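# Survey of secondary and tertiary structure
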Amino acid sequence: QPTEVIARLNEFWGTVVPVIDEAGGSIEQFAGDGVLVLFNGLVDQPDHAQRGARCALGVLRVTAPIARSRSPRAIFPLTHG
């Protein structure tokens, strides 16, 4: 159902957006279950590579519990790419 899709996307976005904010990333767009994040775009960030890596690791950390709670055969499994 569409409401279930939206609920799962909101759960995902609500989990990763604070991690992105904490790393100093700028969300360029949401695309389905993906998020395009920019570093060193709006403001100068000499450490943008480290920020991006820290953000990616943070997203993995906060979404791992969600992924573990779902069966890989579930309608909405959570995997990382």
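Below, the structure is looked at part by part. This is a predicted model, so every value here is computed, not measured.

## Looking at the pattern of salt bridges
Going through the model one piece at a time under the given rule, you end up with three salt bridges. The partner of Glu 4 in a salt bridge is Arg 8, and the shortest N-O contact between them spans 3.0 Å. Here Glu 4 and its partner Arg 8 are both found in helix 1 (residues 2–23), four residues apart, which amounts to about one turn of the helix. Its relative accessible area of 31% is what places Glu 4 among the partly exposed residues. We classify Arg 8 as partly exposed; its relative accessible area is 30%. The shortest N-O distance in the salt bridge between Arg 8 and Glu 11 comes to 3.3 Å. You can see Arg 8 and its partner Glu 11 sitting in helix 1, three residues apart, about one turn around the helix. Glu 11 gets classed as partly exposed once you look at its relative accessible area, which sits at 30%. Residues joined by salt bridges that share partners form a network here, namely Glu 4, Arg 8 and Glu 11.

## Quick notes on the packing of helix 1 against helix 2 (residues 48–69)
Viewed as axis vectors pointing N to C, helix 1 and helix 2 meet at an angle of 150 degrees, and their least axial separation amounts to 9 Å. It follows that helix 1 is roughly antiparallel to helix 2 by the angle criterion. When the axes of helix 1 and helix 2 are compared, the crossing they make is right-handed. Packed against helix 1, whose contacting residues are Glu 11, Phe 12, Thr 15, Val 16, Val 19, Ile 20 and Ala 23, the element helix 2 presents Arg 51, Cys 55, Gly 58, Val 59, Val 62, Thr 63 and Ile 66 at the interface.

About the criteria used
- Residues numbered from 1 in each chain as written.
- Predicted model: local features only at pLDDT ≥ 70, side-chain atom pairs only at ≥ 80, totals over all residues.
- Heavy atoms only, no water.
- Salt bridge = Lys/Arg side-chain N within 4 Å of Asp/Glu carboxyl O.
- Helix = DSSP H or I, 4+ residues; strand = E, 2+ residues; numbered from the N terminus.
- Buried < 20%, exposed > 50% of the residue type's maximum accessible area, 1.4 Å probe, protein only.
- Axes fitted to C-alpha atoms, helices over the stretch in contact; angles between N-to-C directions.
- Parallel < 35°, antiparallel > 145°, perpendicular 65-115°, else oblique.
- Left-handed = near helix turned anticlockwise from the far one by under 90°.
- Contact = heavy atoms within 4.5 Å.

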